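Summary of structural features
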Amino acid sequence: MEYEKIKNDIKQILSEKRYTHSIGVAKRAEELAKIYGIDEEKAKIVGVAHDIAKEMPKEEAYRYAEENNLELDEIEKLNPKLLHSKIGADICKRKYNFTKEMQDAIKYHTTGNVNMDKLAKIIFIADKTEENRSYDDLDEIVQISNKDIDEAVLYICSRGVKMNLDKKVVIHPDTIDLINKILIDRM
């Protein structure tokens with residue numbers, strides 16, 4: 001797998017804004033991989049590819065999931081914005097021969113999951129902390145993520161839950177399960 005090839009493919013598929021975000025995620029993933037001692041090139045490749053299916057129209061996303069036998073849970077059926085993670089993982093498996101670890105990092109980057117390994121946590125965090133984000137607490141999240149990977153995941157998940165509750169949007173059970181796992185692991 002070559003980063004430049006995937007980056008060029010992503011540039012053809014995504015809008016300029018989403019492409020810029022993907023480059024930012026790749027850069028941030030590489031930084032985090034260096035901090036946490038995992039393969040920096042692999043993190044960069046997964047980072048640039050993580051949103052490959054993000055701008056797929058809703059109808060096409062549902063059709064892709066059905067045609068490729070992707071199992072969707074009740075929340076994903078209700079919220080098509082969540083589909084891009086599973087679809088993106090599948091596309092990257094088929095198109096770039098991504099390993100299961102790389103696929104899982106893409107699959108879990110939106111909701112999180114109790115089975116996340118370091119690469120998945122890095123992509124999850126990089127997606128929320130890349131340089132083009134403009135959250136009020138971005139600097140705080142970056143500082144936390146540079147020191148404690150699980151604390152950063154917990155912070156990001158908790159922040160997302162609060163935002164969804166404020167908007168009265170359903171919360172994926174994988175996010176709640178991940179929060180509980182991190183809290184239990186710290187007891």
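Predicted model only: the values in this text are computed from it and were never measured.

1. Digging into the overall build of the protein chain
- Across its full length, the protein chain carries eleven helices and zero strands.
- For the protein chain, the succession of helices and strands along the chain, N to C, is α-α-α-α-α-α-α-α-α-α-α.
- Taking 187 residues into account, the globule formula puts the C-alpha radius of gyration at 16 Å, and the protein chain, at 16 Å, falls close to it.
- If one aligns the C-alpha atoms of the protein chain with their principal axes, the spans along those axes are about 45 × 35 × 30 Å.
- Here the contacts in the protein chain between residues at least 6 apart in sequence split such that 61% fall between residues at least 24 apart.
- Counting 32 positive and 37 negative side-chain charges, the protein chain places the centres of these two groups 1 Å from one another.

2. A closer look at the side chain of K44
- Mapped onto the secondary structure, K44 falls in helix α3 (residues 40–49).
- Judged by relative accessible area, K44 falls into the buried class, the value being 16%.
- With residues near it in sequence (within four places) discarded, K44 still touches Y3, A26 and E30.

3. Details of unusual backbone geometry
- The backbone phi angle of N69 is positive, close to 55°, even though this residue is not glycine.
- Within the element layout of this structure, N69 appears in the loop between α4 (58–67) and α5 (74–78).
- With a phi close to 60°, K168 is a non-glycine residue in the positive phi region.
- Along the chain, the position of K168 falls in the loop between α10 (149–167) and α11 (173–185).

Thresholds, definitions, all that
- Residues numbered from 1 in each chain as written.
- Predicted model: local features only at pLDDT ≥ 70, side-chain atom pairs only at ≥ 80, totals over all residues.
- Heavy atoms only, no water.
- Helix = DSSP H or I, 4+ residues; strand = E, 2+ residues; numbered from the N terminus.
- Rg over C-alpha atoms; globule rule 2.2 N^0.38 Å.
- Contact = heavy atoms within 4.5 Å.
- Lys, Arg positive; Asp, Glu negative; His and termini not counted.
- Charge placed at Lys NZ, Arg CZ, Asp CG, Glu CD.
- Buried < 20%, exposed > 50% of the residue type's maximum accessible area, 1.4 Å probe, protein only.

These figures capture arrangement, not role.
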